[in-house]
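Notes for the structure review
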Amino acid sequence: MNQDQAKGAWEQVKGKAKRVWGELTDDDFMKAEGSTDKLYGVIQQRFGDTKEAIKAKLDNLKLP
């Protein structure tokens, strides 16, 4: 995966996360540093969801 593909994948994850957890801020995404695992940690800390629940919500969400 090249850098453009990785950035595109990260943008998709960010978009999905914003739709599910609308209270996430740009600071939350900066804390994640482009890592989905770190983003899961930020979401766990803020909302109390498990990593499995977070992944399931993101995987089941279809972007237009």
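As a reminder, the structure under discussion sits directly above these lines.
The structure displayed is predicted, hence computed values, not measured ones.

The next thing to look at is unusual backbone geometry. One non-glycine residue, Glu33, lies in positive phi territory at about 55 degrees. If you trace the backbone, Glu33 turns up in the loop between helix 2 (26-32) and helix 3 (36-47). For Glu33, a relative accessible area of 58% gives the class exposed.

Another aspect to go through is the environment of Ala32. The topology assignment puts Ala32 in helix 2. Residue class for Ala32 comes out buried when judged on its relative accessible area of 0%. Sequence separation of Ala32 and Leu61 is 29 residues, and the distance between their C-alpha atoms is 20 Å. Excluding anything up to four places from it in sequence, Ala32 contacts Trp10, Lys38 and Leu39.

The subject of this paragraph is the packing of aromatic side chains. Within this structure, the stated rule accounts for one aromatic pair. When the centroid spacing of 6.4 Å and the interplanar angle of 80 degrees are considered together, the rings of Trp10 and Phe29 count as edge-to-face. Here Trp10 is found in helix 1 (residues 3-20), whereas its partner Phe29 is found in helix 2, with 19 residues between them in sequence. Considered together, Trp10 and Phe29 belong to a single accessibility category, that of buried residues. Over the face of the ring belonging to Phe29 we find Lys14, whose NZ or CZ atom lies 5.7 Å from the ring centre.

Counting through the fold element by element, Thr25 comes out in the loop between helix 1 and helix 2. Residue Thr25 is classed as partly exposed on the basis of its relative accessible area of 36%.

Here we come to the pattern of salt bridges. Summed over all chains, the structure comprises seven salt bridges. Between Asp28 and Arg46 there is a salt bridge, with its nearest N and O atoms 2.4 Å apart. With Asp28 in helix 2 and Arg46 in helix 3, this pair connects stretches of sequence that are 18 residues apart. The buried category is assigned to Asp28, whose relative accessible area is 3%. Residue classification places Arg46 among the partly exposed positions, given a relative accessible area of 38%. For Lys57, the salt bridge is made with Asp49, and the minimal N-O distance between the two is 3.1 Å.

Reading guide: rules and limits
Position numbers for residues count from 1 along each chain, tracking the sequence in the order it is written. Reporting of local features is limited, given that this is a predicted model, to residues whose pLDDT is at least 70; pairs of side-chain atoms are given and counted only at 80 or more, and all residues count toward the totals for whole chains, interfaces and linings. Heavy atoms from the whole structure form the basis of all side-chain values; hydrogens and water molecules are not counted. Put simply, DSSP marks the helices as runs of H or I at least four residues long and the strands as runs of E at least two long, and each gets a number from the N terminus on. Remark: exposure states derive from per-residue accessible area (1.4 Å probe, protein chains only) relative to the maximum for the residue type, with buried under 20%, exposed over 50%, and partly exposed in between. Whether two residues are in contact is decided by their heavy atoms: any pair within 4.5 Å suffices. In this scheme Phe, Tyr and Trp rings, the latter by its six-membered ring, pair at centre separations within 6.5 Å, and the angle between planes marks the pair as stacked below 30 degrees, edge-to-face above 60, and tilted otherwise. Think of it as a cone above the ring: NZ of Lys or CZ of Arg counts as a charge over the ring if it is within 6 Å of the ring centre and within 35 degrees of the ring normal. What counts as a salt bridge is simple: a side-chain nitrogen of Lys or Arg found within 4 Å of a carboxyl oxygen of Asp or Glu.

The values are spatial; any link to function lies outside them.
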